[in-house]
Amino acid sequence: MTSVITGDIIGSRQQSEHWVEDLKKILAPFGHTPSQWEVYRGDEFQIEISNPEDALLAAILVKAHLRAIKSDARMSIGFGDKTHNAERISESNGSAFIHSGELFETLKKQKVTLAMRTGDTDLDEKLNLMLQLALTFMDSWLVQSAEFISVAIENPTLSQEELGKKLGINQAAVSRRQKRAQFDLIMNLDRYFRKQIKQLTAP
């Protein structure tokens, strides 16, 4: 089982001309392009997260990095298999790609910026409802909150003091940003999500 994130930049035409380079920098840690991630058709992108349990945090990380540069994306996460492994991820296939692609086409109409499809209808309903609730604050992260989220996700072992050094702020300010960004709630959501996906992939 694998997972695929399909996304596009919201309002890309209004963005500064170097946002494509910014997006590529954000996606670079996810592996090699174009086999593991790819930016295509100008403002669309696709990432394969081969451990499905990491998919939600990966999508949240992309969102946080984008919000930190005053941008955002619509993203769908699809789970399933990979039956065709092409050189470019946009040409690979399997149920993970189909789930991700089909769901992506509905996001605008649903007016949501993040959703997922596992193929298990009950689980999808539960997880997407939780996501919609989380998006009520994730969609309005300001630059400082978004920066905090991305640094905290990328450095899970650092203390508040050490995170403060990375962000150039003191521990009290770190604590305030952590609260404002609802970081603890996001980590709880991620833990719950990982448990559900683990059960789904268990033989």
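Residues numbered from 1 in each chain as written. Predicted model: local features only at pLDDT ≥ 70, side-chain atom pairs only at ≥ 80, totals over all residues. Heavy atoms only, no water.

Asker: What's the story with the pattern of salt bridges in this structure? I'm lost.
Answerer: Where side chains of opposite charge bring their charged atoms close, a pairing between them can arise. Applying the stated criterion across every chain yields a total of nine salt bridges. Here Arg-67 ties to Asp-72 by a salt bridge, and the two come within 3.1 Å at their closest N and O atoms. For the pair Arg-67 and Asp-72, one class covers both residues: buried. In this structure, a network of salt bridges that share partners links the residues Lys-63, Arg-67, Asp-72 and Asp-139. (Salt bridge = Lys/Arg side-chain N within 4 Å of Asp/Glu carboxyl O. Buried < 20%, exposed > 50% of the residue type's maximum accessible area, 1.4 Å probe, protein only.)

Asker: Would you explain the pairing of strand S1 (residues 2-9) in this entry?
Answerer: Two faces, one strand: in a regular strand the side chains alternate between the faces of the sheet. Taking burial as the measure, the eight residues of S1 include eight buried ones, the bulk of the element. Taking every second residue as pointing to the same face, both faces of S1 are buried, with Thr-2, Val-4, Thr-6 and Asp-8 on one and Ser-3, Ile-5, Gly-7 and Ile-9 on the other. Here S1 runs beside strand S4 (residues 73-80); their pairing, made up of eight bridges, is antiparallel. The residue bridging Thr-6 from the neighbouring strand is Ser-76, located in S4. For S1 and strand S3 (residues 44-49), the ladder comprises six bridges, and the chain directions are antiparallel. (Helix = DSSP H or I, 4+ residues; strand = E, 2+ residues; numbered from the N terminus. Pairing = 2+ DSSP bridges.)

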